Amino acid sequence: VQLVESGGGLVQPGGSLRLSCAASGFTFSNYVMSWYRQAPGKGRELVAHITSTGGITNYADSVKGRFTISGDNAKNTVYLQMNSLKPEDTAVYYCYVPRLSLFGPGTQVTVSS
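Residues numbered from 1 in each chain as written. Predicted model: local features only at pLDDT ≥ 70, side-chain atom pairs only at ≥ 80, totals over all residues. Heavy atoms only, no water.

## Overview of the pattern of salt bridges
- Under the definition given, this model contains four salt bridges.
- Between Asp89 and Arg37 there is a salt bridge, with its nearest N and O atoms 3.0 Å apart. Of this pair, Asp89 sits in the loop between strand E8 (77-82) and strand E9 (91-97) while Arg37 is found in strand E4 (residues 33-38), placing the two residues 52 residues apart along the sequence. Grouping residues by exposure puts Asp89 and Arg37 together as buried.
- Taken together, the salt bridges that share partners define one network made up of Arg37, Glu45, Arg66 and Asp89. (Salt bridge = Lys/Arg side-chain N within 4 Å of Asp/Glu carboxyl O. Helix = DSSP H or I, 4+ residues; strand = E, 2+ residues; numbered from the N terminus. Buried < 20%, exposed > 50% of the residue type's maximum accessible area, 1.4 Å probe, protein only.)

Here is the structure:
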């Protein structure tokens, strides 16, 4: 059972990135899936989550209107589309399955000119 994130990198302010989280060893469509992030010197914070049916999503106020969480059942993958990125979005982004208490290793996102 594991999660592997990808898609992070360096982007200029105002740019976009799409993060992916590939799940293996379980069927992610049966679980709530979440994205967390941890900025340097700060605690880990919830960014977004999506219900197992994909019908309900929720976002931190700081990313509402800019980030979108979605899932692809066929690929057992959850995504985080991030638009209009700001320097304060710089963090390590983690995929998380609450019911399994399972975090992925994370992917670094750096927003800087």
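And the narrative resumes.
## Remarks on the packing of aromatic side chains
- Under the defined criterion, the tally for this structure stands at five aromatic pairs.
- Consider the rings of Tyr36 and Tyr96, whose centres lie 5.5 Å apart with planes at 85°: the pair is edge-to-face. Of this pair, Tyr36 sits in strand E4 while Tyr96 sits in strand E9, placing them 60 residues apart in sequence.
- Residues Tyr36 and Phe103 carry aromatic rings whose centres are separated by 5.7 Å and whose planes lie at 75° to one another, so their mutual orientation is edge-to-face. With a gap of 67 residues between them, Tyr36 in strand E4 and Phe103 in strand E10 (residues 102-103) connect regions that are remote in the sequence.
- Its relative accessible area of 31% is what places Phe103 among the partly exposed residues. (Phe/Tyr/Trp six-rings, centres within 6.5 Å; stacked < 30°, edge-to-face > 60°.)

## A word on the pairing of strand E5 (residues 44-50)
- As judged from the six bridges shared by E4 and E5, these two strands associate in the antiparallel manner. Along E5, the bridge assignment pairs Gln38 with Arg44.
- Between E4 and E5, which pair antiparallel one after the other, the connecting turn spans five residues, and Gly41 there sits at a positive phi close to 75°.
- Strand direction decides the pairing type here: E5 and strand E6 (residues 57-59), joined by three bridges, are antiparallel. Residue His49 lies in a different strand from E6, and its bridge partner there is Asn58. (Pairing = 2+ DSSP bridges.)

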